[in-house]
Amino acid sequence: MTNPKSTAQIAGHPIHPMLIPFPVACFVLAFVSDVAFWRTSNDFWASASLWLLGVGLIMAVLAAIVGVIDLMGDDRIRNLNDAWLHAGGNVVAVLIELYNWYSRYEHGSSAIVPTGLVLSLVVVLILLFTGWKGWEMVYREHVGVADEANPSHTARMT
């Protein structure tokens, strides 16, 4: 039996895993810059957090669109409990970060300590869970993993 296929792909390579590092990095770095703002009160860190949240949200939407295409493209993926936990957790994380970004946009640096900092930490913890579930799909269920080596790639390697 073949592995569950990633519907959104380029030259056989799934797009979703190419996009997800960007929002994850942005949201984790937003938490780091929130901690830096809390410790220093330097407005640079407040500005950095706002930008990181904004870029992270844009990239999260792109990753989510591709993820939904993959989810809807193969019944075997849709039937995985981990797929729904991964997707649902990420939706919650994005909604929290959307509120976090809006609050900072409206109220400035006063929205960071303690609320923004706590929200950023909660999202980092959610991302640890959803990342775990995403890798469970790849490593245990082989979602998006090629069924066999590409013969042209194997030939170049020898």
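A brief look at the structure comes next. (Residues numbered from 1 in each chain as written. Predicted model: local features only at pLDDT ≥ 70, side-chain atom pairs only at ≥ 80, totals over all residues. Heavy atoms only, no water.)

On to a nonpolar patch on the surface, then. A cluster of nonpolar side chains, contributed by I58, V61, L62, I65 and I69, occupies part of the molecular surface with about 440 Å² of accessible area. Along the chain, I58 falls in helix α3 (residues 43-73). (Patch = residues over 30% accessible without salt bridge, like charges linked within 9 Å, V, L, I, M, F, W, Y side chains within 5 Å. Areas by Shrake-Rupley, 256 points an atom, 1.4 Å probe, with all protein chains shown as cover. Salt bridge = Lys/Arg side-chain N within 4 Å of Asp/Glu carboxyl O. Helix = DSSP H or I, 4+ residues; strand = E, 2+ residues; numbered from the N terminus.)

What follows is about the packing of helix α5 (residues 81-107) against helix α6 (residues 112-139). Axis separation between α5 and α6 bottoms out at 9 Å; the angle between their running directions is 160 degrees. Taken together, α5 and α6 sit at an angle that is classed as roughly antiparallel. Remark: the crossing between α5 and α6 carries left-handed chirality. In terms of residue class, the contact of α5 with α6 is built from 15 nonpolar, 8 polar and 5 charged. (Axes fitted to C-alpha atoms, helices over the stretch in contact; angles between N-to-C directions. Parallel < 35°, antiparallel > 145°, perpendicular 65-115°, else oblique. Left-handed = near helix turned anticlockwise from the far one by under 90°. Nonpolar A, V, L, I, M, F, W, Y, C, P; charged D, E, K, R; others polar.)

Here we come to the pattern of salt bridges. Considering all chains together, one arrives at 6 salt bridges under this definition. D147 is paired through a salt bridge with K5; the nearest N and O atoms lie 2.4 Å apart. Linking D147 in the loop between α6 and α7 (151-157) with K5 in the segment before β1 (9-10), this pair joins segments that are 142 residues apart in sequence. Judged by relative accessible area, D147 falls into the partly exposed class, the value being 37%. (Buried < 20%, exposed > 50% of the residue type's maximum accessible area, 1.4 Å probe, protein only.)

Another point: the environment of G144. Within the element layout of this structure, G144 appears in the loop between α6 and α7. Residue class for G144 comes out partly exposed when judged on its relative accessible area of 22%. As for G144 and N3, which are separated by 141 residues in sequence, their C-alpha atoms are 7.0 Å apart. What G144 contacts, discounting residues up to four positions off in sequence, is P4, S6 and P14. (Contact = heavy atoms within 4.5 Å.)

Here the focus is the packing of aromatic side chains. As enumerated under the stated definition, the model contains 3 aromatic pairs in all. Note on F44 and W45: the rings are 4.9 Å apart at their centroids and 75 degrees apart in plane angle, and the pair reads as edge-to-face. Over the ring of W38 we find R39; its NZ or CZ atom is 5.2 Å from the centre of that ring. (Phe/Tyr/Trp six-rings, centres within 6.5 Å; stacked < 30°, edge-to-face > 60°. Lys NZ or Arg CZ within 6 Å of the ring centre and 35° of its normal.)

Between helix α2 (residues 21-40) and α6, whose axes approach to 9 Å, the crossing angle comes to 150 degrees. Our pair here, α2 against α6, has a crossing hand that is left-handed. Residue-level inspection shows V24, F27, V28, A30, F31, D34, V35, F37 and W38 of α2 in contact with α6, the latter providing I112, V113, G116, L117, S120, L121, V123, V124 and L127. Residue classes in the contact of α2 with α6 are distributed as 15 nonpolar, 2 polar and 1 charged.

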